[in-house]
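# Geometric and topological summary
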Amino acid sequence: MTDEPHQYDLVIAANRLPVDRVVEDDGTSSWGRSPGGLVTAMDSVMQGRRGAWVGWAGEVGEVGEVGEVGEALEPFTEGTMYLRPVPLSSEEVRDYYEGFSNDTLWPIYHDVIVQASFHREWWRSYERVNRRFAEAIAEVAAPEATVWVHDYQLQLVPRMVRELRPDVRIGWFDHIPFPPVELFAQLPWRRAVLEGLLGADFLGFQRVADAQNFVRACRQLLRAPTKNDTVAVTAPDGSTHTARASAIPISIDFQGLDALARTPEVRARAAELRAQLGNPDVLMLGVDRLDYTKGIRHRLKAYEELLRDKAIAPPEVTFVQVATPSRERVDSYRELRTQVERTVGRINGEFAPIGSPAVYYQHRSYPRDEMAALFLAADVMLVTPLRDGMNLVAKEYVTCRHDLGGALVLSEFAGAYHELHQAFVCNPHDIEGLKQTILKAIHTPARDKARIMRALRRRVADHDVNRWAERFLDALAAAPHRPERQERQDRLDQESRLERQEGEDRQDRQDRLLRRDPPDERVRLTQPQRSVHQPSSHDHEGRPSGPRR
Ligand code: ADP
Ligand code: F6P
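Residues numbered from 1 in each chain as written. Chains lettered and ligands numbered in written order. Predicted model: local features only at pLDDT ≥ 70, side-chain atom pairs only at ≥ 80, totals over all residues. Heavy atoms only, no water.

### Observations regarding empty space enclosed by the protein
Gaps between atoms show up when a probe of the same size as a water molecule is rolled over them. This is how the line gets drawn: A cavity, in this analysis, means grid points on a 1 Å lattice covering only the protein atoms where a 1.4 Å probe fits yet has no way out; a pocket is instead an open set bounded by protein on both sides within 12 Å along at least five of seven lines, and a residue lines either one if it has an atom within 4 Å of a point. Grid points are joined across faces, edges and corners, and a volume is the space filled by probe spheres set on the points. Numbering goes from the N terminus for both helices and strands, where a helix is a DSSP run of H or I of at least four residues and a strand is a run of E of at least two. We call Asp, Glu, Lys and Arg charged. Ala, Val, Leu, Ile, Met, Phe, Trp, Tyr, Cys and Pro are nonpolar, and the rest, Gly among them, are polar.
If you walk through the whole model with that rule in mind, you get three cavities of 30 Å³ or more. Estimates place the volume of the second largest cavity at around 50 Å³. What lines the second largest cavity is P249, I250, S251, K395, E419, H463, D464, R467, W468 and R471. At three residues, helix α16 (residues 465–478) tops the list of elements feeding residues into the lining of the second largest cavity. Residue composition of the lining of the second largest cavity, by class: three nonpolar, two polar and five charged.

Structure below.
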């Protein structure tokens, strides 16, 4: 493979390369896997494919004048991929990445959970960096190549690439939600963002609602003619094309992760982890980037109240929260970290006997096999985002549960809910409801949980990341028309879904009749209920009174 220009028939562009360059204080550097779901998904899609990946290597260039970037890393190859680093100066990391991408767009696209900040300087930096990406793409793309641009950091790139290279086919995939027009309209640069995106031939979204929000924004804010899922685009030079927007939910490498979770090493490590945690009856787990969208505070609040209610108690029940460091220089992320760490300290201080923490808090990254072992070890997985494009962690958890053990508590505000609705579904804003759902996930009989887990696993196995990538690339090739293969597949899916549903409903009715269960019995906290453990010694307020092991 060479680094000659105009070589690659498939070009991926994402803010990050799949690997991050970490420079230590002593000047030595090493490569690590980049954080986040985008890299998890694309990394597995690109295994064995020949193509170029254009992205930032996570390092900060030399400080120079604004607009001046440090020396670029040389392109390099990783497996079959040609990696083309895009350098960012320290000002650009601050203004384009931390600022406009993660302190303007991220909050607006996630329901304004925190206030968005608007700064013209950040916008200028966003434009400048998007142009740099577009130029790098134009350099490496072969004639009539397929260019696949990813995520909210690069929304101006499709149009810029079209201007530079009208011969290539351009797709864009949105890994995060696309907001309703009422929220999107707050963005002072809303027209430029929509026009940038409309440079694409095909735009993929996680949910149908996201695609609809986008088309509606084009209609209402640009007055662009729209028909069903298409938008008619006229560029400033008078050229026209039609862009199509549709939902193609992302997934994971089911086969690869399932195989990893079945290895003797991972199984042994899962058992070892449980033993290290004191062999609890119930091990709960949360795995998230430390991001305010993930609902970590809501989860901790529900957990703390369950401890206070004495519905659960350590060491029989314990909770591991893995919180991956993320965007640590952005104020809202710093504040979240402080709040989470304070809450964890308070919970342990108040409810944990010496030697048996109620919350194990891990602020670090783990290798894939350790993550698989954690998933395999956990009885209850808490995925409680307030808003999330997809949430691959939910899919990874069920993929690791080849034993059909475990229970997934899943927020209805995660994109994953639309595929995994058989999970123990919660609204994380409703703390009382979340507590109920957690207890239900704990107390539902193993046989019922196994049936749920089987259905969840089937969904992820049938809709894995390769199928997602194929669907995206088919849709891009056929745009603005619907690809035939997709039409056929959708019909087949619909038929088999109906058949399965009928079978599962029949099974459900039989099970209920046998058990004489009410249709959806909720666990009542107000009734005295058998807690997972019966504390052997309590002080006069009912708190566990000392070390218990
Ligand atoms: P996001 O893209 O917002 O970070 P996702 O849940 O979609 O959220 O994807 C997160 C990805 O990062 C998953 O593949 C998950 O396994 C991985 N991950 C999260 N936390 C860690 C961690 N501490 N160590 C290693 N991988 C992690
Ligand atoms: O899709 C979510 C996402 O923002 C990706 O774009 C990104 O790679 C990942 O989360 C991690 O975020 P960051 O790149 O800001 O560390």
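Structure shown, so let's carry the discussion forward.
### Topic: the sheet that holds strand β17 (residues 407–411)
Adjacent strands of a sheet pair through backbone hydrogen bonds, lying either parallel or antiparallel. Convention followed: For two strands to pair, DSSP has to find at least two bridges joining them. To obtain an axis, a line is fitted to C-alpha atoms, over the contacting stretch when the element is a helix, and the angle between two such axes runs from 0 to 180 degrees between their N-to-C directions.
Strand order in the open sheet formed by six strands is β15-β14-β13-β16-β17-β18, with parallel pairing between adjacent strands. Either end of the sheet is taken by a strand with one partner, and the two such strands are β15 (359–362) and β18 (424–426). Neighbouring strand axes in the sheet, compared pairwise and without regard to direction, differ in orientation by 20 degrees on average. Two elements, strand β13 (residues 282–289) and strand β16 (residues 380–383), share two bridges in a ladder whose sense is parallel. Within β16, the position partnered with L285 by the bridge is M381.

### Looking at the pattern of salt bridges
Rules: By convention in these notes, a salt bridge is any Lys or Arg side-chain nitrogen within 4 Å of a carboxyl oxygen on Asp or Glu.
A full pass over the atoms with the stated rule returns 40 salt bridges. Linking D258 and R457 is a salt bridge whose minimum nitrogen-to-oxygen distance equals 3.2 Å. Residue D258 is located in helix α8 (residues 254–262), and its partner R457 is located in helix α15 (residues 446–462); the two are separated by 199 residues in the primary sequence. Connected through shared salt-bridge partners, K301, E305, D309, E432 and K435 make up one network.

### Notes on the confidence of the model for the chain
Filter applied, for reference: Each residue carries a pLDDT value, the predictor's own confidence for that position, ranging from 0 to 100. Contact between two residues is taken to exist if any of their heavy atoms lie within 4.5 Å; hydrogens are not considered.
When pLDDT is averaged across the chain, the result is 89; 86% of the residues are at 70 or more. Every residue in residues 63–67 scores below 50 in pLDDT, and together they form nine contacts with partners more than four places removed in sequence or on other chains. For residues 514–549, every residue scores under 50 in pLDDT, and the model assigns this stretch 62 contacts once sequence neighbours within four places are set aside.

### As for the pairing of β15
Going by this rule: A right-handed crossover is one whose linking path, passing over the helix from the first strand to the second, runs clockwise when the strands point away from the viewer.
Relative to β15, strand β14 (residues 317–324) runs parallel, the two being bridged by four bridges. For F319, the partnering residue across the bridge sits in β15 and is V359. Each parallel crossover has a hand, and for β14 linked through helix α11 (residues 331–351) to β15 it is right-handed.

### Regarding the site of ligand 2
Heads up, the rule is: Residue proximity to a molecule or strand is established when one non-hydrogen atom of the residue lies within 4 Å of it. N or O atoms closer than or at 3.5 Å make up a polar contact, with two conditions inside protein: a donor-capable atom paired with an acceptor-capable one, and, for residues adjacent in sequence, both atoms drawn from side chains. Working definition of accessibility: Shrake-Rupley area with a 1.4 Å probe, residue cover restricted to the visible protein chains.
For ligand 2, the set of nearby residues contains 14 residues, the closest of which are R16, Y97, D151, Y152 and R327. A distance of 3.2 Å separates an oxygen atom of ligand 2 from a polar side-chain atom of Y152. Contacts to ligand 2 include Q153, whose side-chain N or O atom sits 3.2 Å from an oxygen atom. Coverage of ligand 2 by the protein chains reaches 93% of its 380 Å² of free accessible surface.

### Considering unusual backbone geometry
Of note, the amide linkage connecting P314 to P315 takes the cis form, showing an omega dihedral of 5 degrees. For P315, the position within the fold is in the loop between α10 (296–308) and β14. Residues A479 and P480 are joined by a peptide bond in cis, for which omega reads 10 degrees. Note that P480 resides in the loop between α16 and α17 (484–515). Within the chain, D111 stands out as a residue other than glycine whose phi angle is a positive 60 degrees. Position of D111 among the secondary structure elements: in the loop between α2 (90–109) and α3 (120–140). For V112, which is not glycine, the phi dihedral falls at a positive 50 degrees.

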